[in-house]
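# Structural features, examined
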Amino acid sequence: MSRMERRQKRKRKRGGLFLGAFLCIICIGGLAFISTKEKKMAENLDNILEEGSHMPLMPKKLEPTKEVETFTEADLPKEVERPKEQEPIMVMISATGDFTLGNYLPTDETNTFDDVFRKQGRDYGYFLSNVKDIFQSDDLTLVNLEGPLTHATKKMDKPFPFKGDPSYVRILTEGGVEAVNVANNHSHDYFEQGHQDTLKILEQTNIGYYGYGKSYITEQKGIKIGVLGYKTWAKTDAFTQILEKEITHIKEQTDLLIVSFHWGDERTYYPNDIQKYYGHLAIDVGADLVIGHHPHVIQGIEQYKDRYIVYSLGNFCYGGHRNPPDKDTFIFQQTFVFDEQKQCLLHESFINLIPCRISSVPDRNDYRPTPLEGDEKERVRKRIEELSSHF
C-alpha cells in the first residue's frame, strides 16, 4: 500500500468518526429536548388538574340537575277564541179574525155553537183542534173576542146580541190563544155586567186582553211586545188624539207594537177611507203591525213604510152564523227579526199566510176552523193576493 493510499484511508476513518460523533450529539440533544418537553407537559397537566381552569380531559361526575318541567298538549297556548256572533232573535206573531164563542139564538136551536158543543161531548178542545198546533208553535196568538162570556141575562135591544158561557174561555186556553181584543161592537151586548164578567174570567185564566184604554204587554224571548185595541167607525179629532197619545206611550215601553182595529163596513171586501187613514196613522206614530176585523169577510193586505196593514181577517171561530155564505178566512203570521240590541230588522222580517175555512166541512158551519189544502188553499191565497193588489 502506497503512502498516498494510507493517508486517504486515515482521512476516511477520521471523517467517519467525526460523522458518528456528530450524529451521537444530535441524538442525545433530541432526547434531552423530548424529555424536557414531556416534563413541562406533565407539569402543565398537573397545574390544569389542580386549578380546574379548563375543561378536564376526563369528564367529572355529573351533579344532579333540576327536574325538567314537561308540557302536555293542553298546556300549549290555544288560539284566541273570537266571541260568537249572537243569533238574531225571531218572534212569530199569529193573528186571526172574529171569535164568537156562543150564539144569539136560543141554545136549544139545532146546529148552533152551543148545540155543537153538547154534541161533541162538551169537549172544549174540539173547536180549535185543527189549528191548535199552529197557535202553539208561535210566540203569540191574537184574536178578536166578539161577544161576552157571562151568565148575565139582561141584554141590549139589538138583532144579534152574542153571549157565551164563561167556561168557553177554555176554548182559548186549550187552543193556544194568548190574548184577545175586547174593543168591538159586541163586547157590551149584555151591558157592563157582561163585559166585566168577561174580563174577570180572562184574568182568572191568564188570557191577556186589550181595548178600551187597556194595553197588553208581554215579553217573548226577551222582546217586549205591546198590543192596543180600538173600535172606530169615523174619523174624529178626539179619537185621533187618543190614538196618537196611546201609541206613543206604549211604543216607549216596548220593542214591538201591534195595533188592532175593529173597523170597516160589514160584508165588504175593500177597506174604506177611514180604515186607510187610521191604518197609515198608526204606523206613522209607531205601530209595527196593524190588524183589522169586523167586516166578517177577508180584505186585502197593504205594505206601508215596510210594515203591514191587514185590513180584515174575516171570521174565524164564529158562532154568529150557522152557515155563512163566505167561509174563507186565513191566519196571518209575521216573524219579526231583532238584533242583539233588540232593534227590529224589518227587511229581514217576513210574513206567512195560512188559508183556512171557518168550518171543517164546506156545507155548514161546524165552528171548527181548518187550514185548506190543494186547490182550495191556492184559491184563497190568490183571492188574498187579488184583494191586496189594489194598494
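One structure accompanies this document, and this report is about it. Computed from a prediction, not measured in an experiment: that's the story for all the values here. Residue positions within a chain follow its written sequence, with the count starting from 1. Totals for whole chains, interfaces and linings use every residue, but because this is a predicted model, local features are given only for residues with pLDDT of at least 70 and side-chain atom pairs only at 80 or more, for both listing and counting. The side-chain numbers reported here are obtained from all heavy atoms of the structure, hydrogens and water having been left aside.

Each aromatic ring pair is specified by the distance between its two centres and by the angle formed by the two planes. Two rings belonging to Phe, Tyr or Trp (six-membered ring only in the last case) form a pair when the distance between their centres is within 6.5 Å. Interplanar angles under 30 degrees mark stacking, angles over 60 mark edge-to-face geometry, and anything in between is tilted. Counting across every chain of the model gives 20 aromatic pairs. Judged by centre distance (6.3 Å) and plane angle (90°), the rings of Phe162 and Tyr318 are edge-to-face. Placement of Phe162 in the loop between β2 (140–145) and α4 (169–175) and of Tyr318 in strand β11 (residues 315–318) is noted, with a sequence separation of 156 residues between them. The class for Phe162 is buried, based on a relative accessible area of 3%. Runs of E in the DSSP output that reach at least two residues are strands. Runs of H or I that reach at least four are helices, and both are numbered from the N terminus. Burial here depends on accessible area, computed with a 1.4 Å probe over protein chains only, as a share of the maximum for the residue type. Under 20% is buried, over 50% is exposed, and the range in between is partly exposed.

Moving on, we get to the pairing of strand β12 (residues 328–338). Within β12, 11 of the 11 residues are buried, which leaves the element mostly enclosed by the surrounding structure. Neither face of β12 is left uncovered, since the one carrying Asp328, Phe330, Phe332, Gln334, Phe336 and Phe338 and the one carrying Thr329, Ile331, Gln333, Thr335 and Val337 both have all their residues buried. Two strands form a pair only when DSSP identifies at least two bridges running between them. Pairing between strand β1 (residues 89–100) and β12: seven bridges, direction antiparallel. Within the sheet, the bridge partner assigned to Ala95 lies in β12 and is Phe332. Two strands pair when backbone bridges link them, and β12 and strand β13 (residues 350–357) are joined in this way by eight bridges, in the antiparallel orientation. The partner of Phe332 across the bridge, within β13, is Leu353.

Here we come to the environment of His294. Within the secondary structure layout, His294 lies in the loop between β8 (289–293) and β9 (301–304). Each C-alpha atom of the pair His294 and Asn144 lies 9.0 Å from the other, and the pair is 150 residues apart in sequence. With residues near it in sequence (within four places) discarded, His294 still touches Asp98, Asn185, Trp233, His262, Trp263, Gly264 and Glu266. Contact definition: two residues touch when any of their heavy atoms are within 4.5 Å.

As a further point, take the sheet that holds strand β6 (residues 223–231). Strand pairing in a sheet relies on backbone hydrogen bonds, with the paired strands running either antiparallel or parallel. A sheet is described by the order of its strands in space; here six strands give the open sequence β5-β6-β7-β8-β10-β9, paired in mixed fashion. Every interior strand has two partners, whereas the edge strands, β5 (216–220) and β9, have only one. Strand-to-strand twist in this sheet, taken as the mean axis angle between neighbours without regard to direction, amounts to 20°. In this sheet, strand β10 (residues 307–310) lies alongside β9 in antiparallel orientation, the contact comprising four bridges. Bridge pairing links Glu302 to Ile309 in β10. In the packing of helix α7 (residues 273–285) onto the sheet, the strands contacted are β7 (256–262), β8, β9 and β10, and the crossing angle to β10 comes to about 150°. For helices, the axis comes from a line fit to the C-alpha atoms of the stretch in contact; other axes are also lines fit to C-alpha atoms, and the angle between any two N-to-C directions lies between 0 and 180 degrees.

With that settled, the discussion passes to the pattern of salt bridges. What makes a salt bridge here is a side-chain nitrogen of Lys or Arg within 4 Å of a carboxyl oxygen of Asp or Glu, nothing more. One pass over the structure, following the stated rule, counts 14 salt bridges. The partner of Asp288 in a salt bridge is Lys251, with the nearest N and O atoms 2.9 Å apart. Of this pair, Asp288 sits in the loop between α7 and β8 while Lys251 sits in helix α6 (residues 237–251), and the two are 37 residues apart along the sequence. By relative accessible area, which is 3% here, Asp288 ends up buried. Owing to a relative accessible area of 27%, Lys251 belongs among the partly exposed residues under this scheme. In the salt-bridge network here, residues are joined through shared partners; they are Asp326, Asp328, Glu376, Arg379 and Arg383.

A separate point is the pairing of β7. Most of β7 is tucked away, with seven of its seven residues classed as buried. The pairing of β6 with β7 spans seven bridges and is parallel. Bridging across to β7, Lys231 finds its partner in His262. After leaving β6, the chain enters α6 and then returns to the sheet as β7, a path that is right-handed. When the strands point away from the viewer, a crossover counts as right-handed if the path from the first strand over the helix to the second runs clockwise.

Mapped onto the fold, Asp326 is located in the loop between β11 and β12. For Asp326, a relative accessible area of 15% gives the class buried. Within 3.5 Å is the distance limit for a polar contact, defined as a pair of N or O atoms, with the added protein rule that one can donate a hydrogen and the other accept it, and that residues adjacent in sequence qualify only through two side-chain atoms. Engagement of the side chain of Asp326 in a polar contact is seen with the backbone nitrogen of Asp328, the distance being 3.1 Å. Within the local environment of Asp326, its side chain forms a polar contact with the side chain of Arg383, the two groups lying 3.0 Å apart.

Expected span of a helix: the number of residues minus one, times 1.5 Å. An ideal rise of 1.5 Å per residue puts 20 Å on 14 residues; helix α5 (residues 191–204) measures up with 21 Å between its terminal C-alpha atoms. The complete set of buried residues in α5 reads Gly194, His195, Thr198, Leu199, Ile201 and Leu202. The arc that holds every buried residue of α5, seen down its axis, measures 165°, which confines them to one face. α5 presents Lys200 and Gln204 as exposed residues on the side facing more than 90 degrees away from its buried surface. Of the surrounding elements, those touching the buried residues of α5 are β2, α4, β3 (179–181) and β4 (208–210). Asn206 occupies a position one or two residues after α5 and carries a positive phi of about 60°. Read the arc as the range of directions from the helix axis to the C-beta atoms.

In short, geometric facts, not functional conclusions.
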